[in-house]
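# A closer look at the structure
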There are 2 protein chains.
Amino acid sequence: MGTVTKKDLVDRIAHQTDLKRAEVRDVIQAFLDNVINELGDGNRLEFRDFGVFEIRERAARMAQNPRTLERVPVPARKTVKFKVGRLMRQAVDTDEIEFTGIESVETSVD
Amino acid sequence: MGTVTKKDLVDRIAHQTDLKRAEVRDVIQAFLDNVINELGDGNRLEFRDFGVFEIRERAARMAQNPRTLERVPVPARKTVKFKVGRLMRQAVDTDEIEFTGIESVETSVD
């Protein structure tokens, strides 16, 4: 249950390939930077088996400050939703779900 | 508002660096595979400024099939939560939020 960083993966992938550590680092950094930039441009990113990054918009609404109980407007805001891909889902949750209607149940409750 | 794929980014990064397309492809694929494998091992991945991937467990519960109205058990299940990092958040939502209490409001409502 540890934390893995970019540096950990750069070291490992440099070891697994014949590339220099700096080359691997630059490719991975360029990859992450490109994902951020594409999301910033409003695009979605689809990496087969891994997952999908896409923009989700939350409407403006009123909320209450729990300290002052004051009602405050929360402006509309964009955030990023990551949808888990097939292989990643299999890796983290190998138990199969038997009931075929379960996907729609899940969706309706989320 | 298009969709960007792994191939798109491989082509772009190969163009930006002096590496061969196949080398860039292998590094990115190794990166994505490593993320999946680490999550499968129960580890979290923290990529500064980009975001954090971590396992979230949902407890077993009862749900209702919306078609048959039958109550069905939903087994405990693990999924992946992606927490948006600082740079990604800034890229997708550049509007600053003025009210300093807003973070706690957001947290309490989510």
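See above for the structure.
First, a word on scope: everything that follows refers to the structure included in this document. What you see is a predicted model; the values in this text were computed from it and never measured.

Basis of the calculations
- Residues numbered from 1 in each chain as written.
- Chains lettered and ligands numbered in written order.
- Predicted model: local features only at pLDDT ≥ 70, side-chain atom pairs only at ≥ 80, totals over all residues.
- Pairing = 2+ DSSP bridges.
- Helix = DSSP H or I, 4+ residues; strand = E, 2+ residues; numbered from the N terminus.
- Axes fitted to C-alpha atoms, helices over the stretch in contact; angles between N-to-C directions.
- Contact = placed C-beta atoms within 7 Å.
- Expected span 1.5 Å × (residues − 1).
- Buried ≥ 20, exposed ≤ 12 C-beta atoms within 10 Å, placed from the backbone.
- Nonpolar A, V, L, I, M, F, W, Y, C, P; charged D, E, K, R; others polar.
- Parallel < 35°, antiparallel > 145°, perpendicular 65-115°, else oblique.
- Left-handed = near helix turned anticlockwise from the far one by under 90°.

This paragraph deals with the sheet that holds strand E1 (residues 3-5) of chain B. In a beta sheet, neighbouring strands are held together by backbone hydrogen bonds and run either parallel or antiparallel to one another. With respect to topology, four strands assemble into an open sheet ordered E6(A)-E3(A)-E2(A)-E1(B), the strand pairing being mixed. Each end of this open sheet is capped by a strand with a single partner; those strands are strand E6 (77-84) of chain A together with E1 of chain B. Geometrically, the sheet is characterised by an average inter-axis angle of 30 degrees between neighbouring strands, direction not taken into account. Summarising the sheet, strand E3 (residues 51-58) of chain A and E6(A) pair through eight bridges and their orientation is antiparallel. The residue of E6(A) that forms the bridge with A:Arg58 is A:Arg77. Contacts from helix H2 (residues 21-40) of chain A reach strand E2 (44-47), E3 and E6 of chain A together with E1 of chain B, with the element oriented near 35 degrees to E3(A).

Moving on to helix H2 (residues 21-40) of chain B. Residue and element names in this part refer to chain B. Its 20 residues give H2 an end-to-end C-alpha distance of 28 Å, which sits within 8% of 28 Å, the value for a rise of 1.5 Å per residue. Residues Glu23, Val24, Asp26, Val27, Ile28, Phe31, Leu32, Val35, Ile36, Glu38 and Leu39 constitute the buried set of H2. Of the residues one or two after H2, glycine 42 is the one with positive phi, at around 85 degrees.

We now examine the interface of chain A and chain B. Of the residues lining the interface, 63 residues belong to chain A; the matching set on chain B comes to 62 residues. In terms of residue count, H2(A) provides more of the side of chain A that touches chain B than any other element does, 14 residues in total. Of the residues assigned to the side of chain A that touches chain B, the class counts are 34 nonpolar, 16 polar and 13 charged. Pairing of strand E1 (residues 3-5) of chain A with strand E2 (residues 44-47) of chain B involves three bridges; the strand directions are parallel. Across the sheet, A:Val4 pairs through a bridge with B:Leu45, a residue of E2(B).

What follows deals with the pairing of strand E5 (residues 71-74) of chain B. Put simply, side chains in a regular strand alternate between the two faces of the sheet. Residue and element names in this part refer to chain B. Of the pairings in the sheet, the one linking strand E4 (residues 61-64) to E5 comprises four bridges and is antiparallel in character. Bridge pairing in E5 links methionine 62 to proline 73. Hairpin connection of E4 to E5: six residues between the antiparallel strands, including leucine 69 at a positive phi of 65 degrees.

Contact pair H2(A) / H2(B): the axes reach a minimum separation of 10 Å and the direction vectors enclose 70 degrees. Taken together, H2(A) and H2(B) sit at an angle that is classed as roughly perpendicular. Read as a crossing pair, H2(A) and H2(B) show a hand that is right-handed. Between H2(A), through A:Val24, A:Val27, A:Ile28 and A:Phe31, and H2(B), the contact on the second element is made entirely by B:Val24, B:Val27, B:Ile28 and B:Phe31. Its residues assigned to classes, the contact of H2(A) with H2(B) shows eight nonpolar, no polar and no charged.

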